Amino acid sequence: HAKRSLDKPESWSQPFSPISLHIYLTHSCNLNCVYCFSYPGETPSKSLTLSTPAILAGAHLVADQCQERNFPMTCVFHGGGEPTQDKRIDPIAHYIKDLCQQKKISLFMYLATNGVMSPDKTKKIVALFDLIGLSCDGPPKIQNAQRPRMDGKQSSPMVEHTASIFHDHHQAFEARVTLTKQSWEKMPEIAAYFIKEIRPQAINVELSYQTTDFPVDETEFDSFIKRYFQAQDLCEAAGIPWKTSRMRPGQHHRQYCHILQDTLQIIPGDAATLCFLDSDRFESSCLGTQIGDYDAMKRAWILDDTKINTLRQNILKEADICNQCIVQTHCHRSCPDRCPISSPLNLPDIHCKLNQQLFNALLLRESTKLKEKCLNSHLALAGKEITAC
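It should be emphasised that the depicted structure is a prediction, and the values quoted were computed from it without experimental measurement.

How each quantity is defined
- Residues numbered from 1 in each chain as written.
- Predicted model: local features only at pLDDT ≥ 70, side-chain atom pairs only at ≥ 80, totals over all residues.
- Heavy atoms only, no water.
- Helix = DSSP H or I, 4+ residues; strand = E, 2+ residues; numbered from the N terminus.
- Buried < 20%, exposed > 50% of the residue type's maximum accessible area, 1.4 Å probe, protein only.
- Arc of directions from axis to C-beta.
- Contact = heavy atoms within 4.5 Å.
- Pairing = 2+ DSSP bridges.
- Axes fitted to C-alpha atoms, helices over the stretch in contact; angles between N-to-C directions.
- Core = buried A, V, L, I, M, F, W, Y, C linked by side-chain atoms within 4.5 Å.
- Expected span 1.5 Å × (residues − 1).

**Quick word on unusual backbone geometry**
- Cis peptide bonds are those with omega within 30 degrees of zero, and the linkage from Cys335 to Pro336 qualifies with 5 degrees.
- By the secondary structure assignment, Pro336 is in the loop between α10 (305-315) and α11 (350-376).
- In this structure, Arg199 takes a positive phi of about 55 degrees despite not being glycine.
- Structurally, Arg199 is set in the loop between α7 (187-198) and β6 (203-207).

**Considerations on α10**
- Residues of α10 that are buried: Ile308, Leu311, Arg312 and Ile315. An end-on view of α10 places all buried positions within 100 degrees of arc, on one side of the element. Summarising the geometry of α10, the exposed residues directed more than 90 degrees from the buried face are Thr306 and Gln313.
- Next to the buried residues of α10 lie β10 (290-295) and β11 (300-303).

**Let's talk about the sheet that holds strand β4 (residues 131-135)**
- Strand order across the open sheet formed by 11 strands is β7-β6-β5-β4-β3-β2-β1-β8-β9-β10-β11, with mixed pairing between neighbours. In this open sheet, the two strands that pair with only one neighbour each are β7 (242-243) and β11.
- The sheet contact formed by strand β9 (residues 271-273) and β10 spans 3 bridges and is antiparallel. Directly across from Ala272, in β10, lies its bridge partner Gly292.
- Sheet strands in contact with α7 are β4, β5 (173-179), β6 and β7, and its direction is about 155 degrees off that of β5.

**Overview of the nonpolar core**
- Ranked by internal contacts, the top residues of the largest apolar core, which has 101 residues, are Ile23, Phe77 and Ile96.
- In this structure, Ile96 is in contact with Ile23, Ala59, Met73, Cys75, Phe77, Leu107 and Met109, ignoring residues within four places of it in sequence.

**Some words on helix α8 (residues 221-237)**
- Between its first and last C-alpha, α8 extends 24 Å over 17 residues, near the 24 Å set by a 1.5 Å rise per residue.
- Among the residues of α8, Phe221, Phe224, Ile225, Tyr228, Phe229, Ala231, Gln232 and Cys235 are the ones counted as buried. Considered in projection along α8, the buried side chains sweep an arc of 155 degrees and stay on one side of the axis. Within α8, the exposed residues directed more than 90 degrees away from the buried face are Asp222, Lys226 and Ala237.
- Summarising the contacts, the buried residues of α8 are in contact with β5, α7, β6, β7 and α11.
- Immediately beyond the C-terminal end of α8, within one or two residues, lies Gly239, with a positive phi of roughly 75 degrees.

Just distances and angles here, no functional claims.
As structure tokens, then:
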């Protein structure tokens, strides 16, 4: 079983056949987050749009692949802006639902939102999505400092009200928390706030991307891990999962690249990209991550299969040190802070060290729980053997 688990997923060696569609609907945003990787409105390229014909063609391309492969379709609305700022979100979502119904394929619809919207808009979107990811960084003091509104006002009151409407309409939603150098020490406080005020189905925490300095210094790893699990324990007691994408021991994964995940991401400027950080055609072409274009004359997406295969091989090249690492089969390889396409990886780096220590701490915690369970079930010997192993 262990040897089989090392086998790479089949999709990594097969022709790119997307079964998931990620739509960067708009650059427009009503927040001015301190760690934003998109910086909406800052460059001329932010005037680029993602055309409706390109979106519909992308939906047909992915739906056809899902029908052919007998897979359900996933559709995600997110982006370098706030998706709910675009008035097309409602009709496009309904179009994709109807398309999948016609093709008799199941559909999972997801929305990533900052939650800063009017009550009327909130009530309109709750019926559209199977799951909503609500970005909120914690109590008002943290949220308002890290995620202020574009007009300088506080965002926290509107986010809390949006969450209450989600509950009133029985909308499934999870919270997405970005941890910065200023906020990660407050993880238990952040967890307590979500348990009491927001009450999501799960909490996903991520360290901020592409900052000048990594938010956690090596000398702070022990403190970070201690607070991470303190927060997790609080959430576990409340029945709310507390998790991070950097540690997914139950899932075989590598970098976040969409070409490793059968995902077609379409962005303003009617381009397709492999990186979730690209928010328009200008960025993807500069970084070499663009993998296709929408042809308005043919009304179809033209994907560069040769480039996709070459990029996938480059991404999957393994550093020797990874072959000896305990987290080799479920590690993001420092993505997106370090990209194997734009620069060679220099491993082990600070991400490796934190992931290893976090995973080791998880193993110790789980072995302790297992030992206690064995003892309580009068299986003391098995418990000791397992813990020793």
